[in-house]
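Fold and contact review
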Amino acid sequence: MIIPFLDFTIMHREIKTQIMQAIEDVYDSNWYIMGGRLDEFEKSYAILHKVKQAVGVSNGLDALFLSLKALDIQEGDEVIIPSNTYIATALAVSYLKAKPVFVEPCSETYNINPTLIKDAITLKTKAIIPVHLYGQACQMEEIIQLADRYSLKIIEDNAQSHLATFKGKITGSWGHANATSFYPGKNLGALGDGGAVTTDDPTVAEKIRVLRNYGSRVKYKNEIIGHNMRLDELQAAVLSVKIKFLNEWTIQRQKLAELYFTELSGVGDIILPKIHQDATHVFHLFVIRTKYRNRLQDFLLEAGIGCLIHYPIPPHLQNAYQFLGYKTGDFPIAEELADTSLSLPIWPGMKKEDIEYVASKIKSFYSKQ
Ligand SMILES: *Cc1c(COP(=O)(O)O)cnc(C)c1O
């Protein structure tokens, strides 16, 4: 039995007719960039998040970058980000020659620890990027309170957490500008690259609309130095079909996660995900922890089970960030997570038997120790 880490086959089979029709419509329309499909998708994405505006952009990294830029983050500013995030969060800060300042996550939820943020705030701090890692919403209330007190901007990194909530309020609706990704493997994925910014501030939305399109509102009139960071019509049309299934797919992920919880509780030294009482988790990834991580991963790969590490090297230890001068031991929680985390397969269309198979292999790994 082979269980891939991620398999689109079943998900995509279900919607193939609708997707092909959407693609054909774009094909026949003669209009491929900045048209009606983008408008339509932006409207439905904004409604889903209960925000005033959504702006489609080229990918998640650009969504973060444009959010920071529209909120006026500048060279020398400090931006607080979690020490255990995907590199994109840090890169977006670096694009503006601002400085990423790392704050450790809670060792339970793996999301940025609100009580540690305060110590990282200096006179140069301008913003916080909470990352709803693996699909669980961050403790947004405490983060917002701090941001208000110190007049900081909040930019949510919502790339992994479509439809997650904290105290019933959806992620992507809390910050001043919130970035998401439609990378194919994300919970809402395009058939290529894509991203969006959600915001309740019409001025911020307008700035991003201008920035993403060559700094231009009227063709061949360039108001500012802009970028080419647009979401194209084909991806927008595909996303408009897929967004209708997002709720159903999210429930499927949560049910599969429930099965993992039942099957794996008390097995070996496995630490299962913990969900904060006020948060929901949409299980973009199902991440377990064990001190035998590398051996378990090899064992599962040999058994035909796809499993990956998110993420093996935290940003502060990446070569790209050597210039910040960090060393091993500076962010022990992030480093421990990098050494012990293992992501198991979870995707809409996966069967109960698939989860049981993965769990049985994990149990046989431990019975051999
Ligand atoms: C995927 C991801 C991004 C970047 O999205 P891209 O579309 O790949 O640029 C940013 N942050 C997090 C947490 C992600 O998982």
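On a predicted model such as this, the values are computed, not experimentally measured, just so you know.

Parameters and conventions
- Residues numbered from 1 in each chain as written.
- Predicted model: local features only at pLDDT ≥ 70, side-chain atom pairs only at ≥ 80, totals over all residues.
- Heavy atoms only, no water.
- Helix = DSSP H or I, 4+ residues; strand = E, 2+ residues; numbered from the N terminus.
- Rg over C-alpha atoms; globule rule 2.2 N^0.38 Å.
- Buried < 20%, exposed > 50% of the residue type's maximum accessible area, 1.4 Å probe, protein only.
- Contact = heavy atoms within 4.5 Å.
- Areas by Shrake-Rupley, 256 points an atom, 1.4 Å probe, with all protein chains shown as cover.
- Axes fitted to C-alpha atoms, helices over the stretch in contact; angles between N-to-C directions.
- Parallel < 35°, antiparallel > 145°, perpendicular 65-115°, else oblique.
- Left-handed = near helix turned anticlockwise from the far one by under 90°.
- Nonpolar A, V, L, I, M, F, W, Y, C, P; charged D, E, K, R; others polar.
- Salt bridge = Lys/Arg side-chain N within 4 Å of Asp/Glu carboxyl O.
- Phe/Tyr/Trp six-rings, centres within 6.5 Å; stacked < 30°, edge-to-face > 60°.
- Lys NZ or Arg CZ within 6 Å of the ring centre and 35° of its normal.

When its secondary structure is counted, the protein chain shows twelve helices and 13 strands. For 369 residues, the compact-globule formula gives about 21 Å, and the C-alpha radius of gyration of the protein chain, at 21 Å, lands near that figure. Along the longest, intermediate and shortest principal axes, the C-alpha atoms of the protein chain span 70 × 55 × 35 Å. For the protein chain, with 369 residues in total, the buried portion stands at 57%. A fraction of 71% describes how many contacts in the protein chain between residues 6 or more apart in sequence connect residues 24 or more apart. When the accessible surface of the protein chain is totalled, it reaches about 16,300 Å², and 53% of it is carbon and sulfur.

Turning to the packing of helix 10 (residues 293-302) against helix 12 (residues 352-367), a few remarks are in order. Closest axis-to-axis distance for the helix 10/helix 12 pair is 10 Å, and the angle between their directions is 125°. Taken as axis vectors, helix 10 and helix 12 run oblique relative to one another. Considering only the axes of helix 10 and helix 12, their crossing is right-handed. On helix 12, the residues that touch Arg295, Leu296, Phe299 and Leu300 of helix 10 are Lys361, Ile362, Ser364 and Phe365. For the contact of helix 10 with helix 12, a count of residues per class yields five nonpolar, one polar and two charged.

A separate point is the pattern of salt bridges. Under the defined criterion, the tally for this structure stands at ten salt bridges. For Arg212, the salt bridge is made with Glu42, and the minimal N-O distance between the two is 2.8 Å. One end of the pair, Arg212, is in helix 7 (residues 202-212); the other, Glu42, is in helix 2 (residues 36-48), with 170 residues separating them in the sequence. What makes Arg212 buried here is its relative accessible area of 4%. The salt bridge involving Glu356 is made with Lys352; its shortest N-O contact spans 3.0 Å.

As for its position among the elements, Gly172 is in the loop between strand 7 (169-170) and strand 8 (178-181). The class for Gly172 is buried, based on a relative accessible area of 0%. Once the C-alpha coordinates of Gly172 and Leu296 are considered, the two residues, 124 residues apart in sequence, prove to be 35 Å apart. In this structure Gly172 touches His49, Val51, Glu156, Asn158, Asn178 and Thr198, once residues within four positions along its chain are discounted.

According to the stated counting rule, one finds 19 aromatic pairs in the structure shown. With 5.6 Å between their ring centres and 70° between their planes, Phe65 and Tyr95 make a pair best called edge-to-face. Of this pair, Phe65 sits in helix 3 (residues 60-70) while Tyr95 sits in helix 4 (residues 87-95), placing them 30 residues apart in sequence. The class of Tyr95 is partly exposed, set by a relative accessible area of 44%. Joined through ring pairs, the aromatic side chains of Tyr260, Phe261, Phe283 and Phe286 make up one cluster. Stacked on the ring of Trp174, the Lys or Arg Lys169 has its end atom at 5.5 Å from the ring centre.

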